[in-house]
Amino acid sequence: MDKDALIAAARQAASTAYAPYSNFHVGAALAFADGSVVTGANVENASYGLTLCAETVAVGKAMAEGKRGGLQAVAVIGGKVGHVGAGDPVTPCGRCRQMLNEVAQLGSTDPLVWCVGESDVLELRLSELLPRAFGPSALE
Ligand code: THU
């Protein structure tokens with residue numbers, strides 16, 4: 001998967017964020033082995049704690065499309081409205097790491113996660129972000 005193209009997809013997704021409470025827009029793009037890309041943006045709620053992060057939305061969309069593995073790479077970008085990608089790299093929150101782990105572990109992949117910032121793009125494996133993850137294989 002082309003890194004720049006995946007980051008561009010995440011940036012595009014961020015433009016659809018519904019984040020009127022934080023004004024922090026996040027976009028995520030998931031690249032699969034079949035060449036497909038599934039994106040997500042954060043969806044906030046007037047009951048703040050119900051907010052869905054961009055990565056979680058993307059995983060939900062992918063699973064609803066029938067994806068059960070093949071996750072090769074993830075790009076995440078965010079920032080205040082009008083400044084997406086302008087600050088420090090945005091790393092997935094803990095819940096999102098776990099959500100990403102589900103689809104990764106189903107297909108026995110350890111995806112690259114590109115966390116986009118203004119002056120650098122962190123490149124980490126999901127296993128670095130979530131070591132010794134609990135996943136579907138633990139329930140077999
Ligand atoms: N957010 C994400 O979408 N992904 C993350 O990994 C971190 C945080 C969103 C949730 C909320 O809408 C906003 O960023 C501020 O926390």
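Okay, so let's go over this structure.

Calculation criteria
- Residues numbered from 1 in each chain as written.
- Predicted model: local features only at pLDDT ≥ 70, side-chain atom pairs only at ≥ 80, totals over all residues.
- Heavy atoms only, no water.
- Pairing = 2+ DSSP bridges.
- Helix = DSSP H or I, 4+ residues; strand = E, 2+ residues; numbered from the N terminus.
- Axes fitted to C-alpha atoms, helices over the stretch in contact; angles between N-to-C directions.
- Contact = heavy atoms within 4.5 Å.
- Expected span 1.5 Å × (residues − 1).
- Buried < 20%, exposed > 50% of the residue type's maximum accessible area, 1.4 Å probe, protein only.
- Arc of directions from axis to C-beta.

### Overview of the sheet that holds strand E5 (residues 121–125)
Piece 1. Read across the sheet, 5 strands follow the order E2-E1-E3-E4-E5 without closing on themselves; strand pairing throughout is mixed. Where the open sheet ends on each side, the last strands, each with one partner, are strand E2 (37–41) and E5. Put simply, the sheet's adjacent strands are angled 15 degrees from each other on average, direction ignored.
Piece 2. Summarising the sheet, strand E1 (residues 24–32) and strand E3 (residues 71–80) pair through 9 bridges and their orientation is antiparallel. For Ala 28, the partnering residue across the bridge sits in E3 and is Val 76.
Piece 3. Packed on one face of the sheet, helix H1 (residues 3–14) meets E1, E2, E3, strand E4 (112–116) and E5 and runs near 140 degrees to E1.

### Details of H1
Piece 1. If you check H1, its first and last C-alpha atoms are 17 Å apart, about what 12 residues at 1.5 Å a residue would give, namely 16 Å.
Piece 2. Among the residues making up H1, those that are buried are Leu 6, Ile 7, Ala 9, Ala 10, Ala 13 and Ala 14. The buried residues of H1 all sit within an arc of 155 degrees when viewed along its axis, so they share a single face. Exposed side of H1, more than 90 degrees from the buried face: Asp 4 and Gln 12 are the residues found there.
Piece 3. Contacts from the buried residues of H1 go to E1, E2, E3, E4 and E5.

### Structural notes on unusual backbone geometry
Piece 1. Positive phi is not limited to glycine here, since Ser 108 has a value of about 55 degrees.
Piece 2. Relative to the helices and strands, Ser 108 resides in the loop between helix H3 (94–106) and E4.
Piece 3. Phi is positive for Arg 132, close to 50 degrees, though the residue is something other than glycine.
Piece 4. With respect to the helices and strands, Arg 132 occurs in the segment after helix H4 (126–129).
Piece 5. The exposed category is assigned to Arg 132, whose relative accessible area is 85%.

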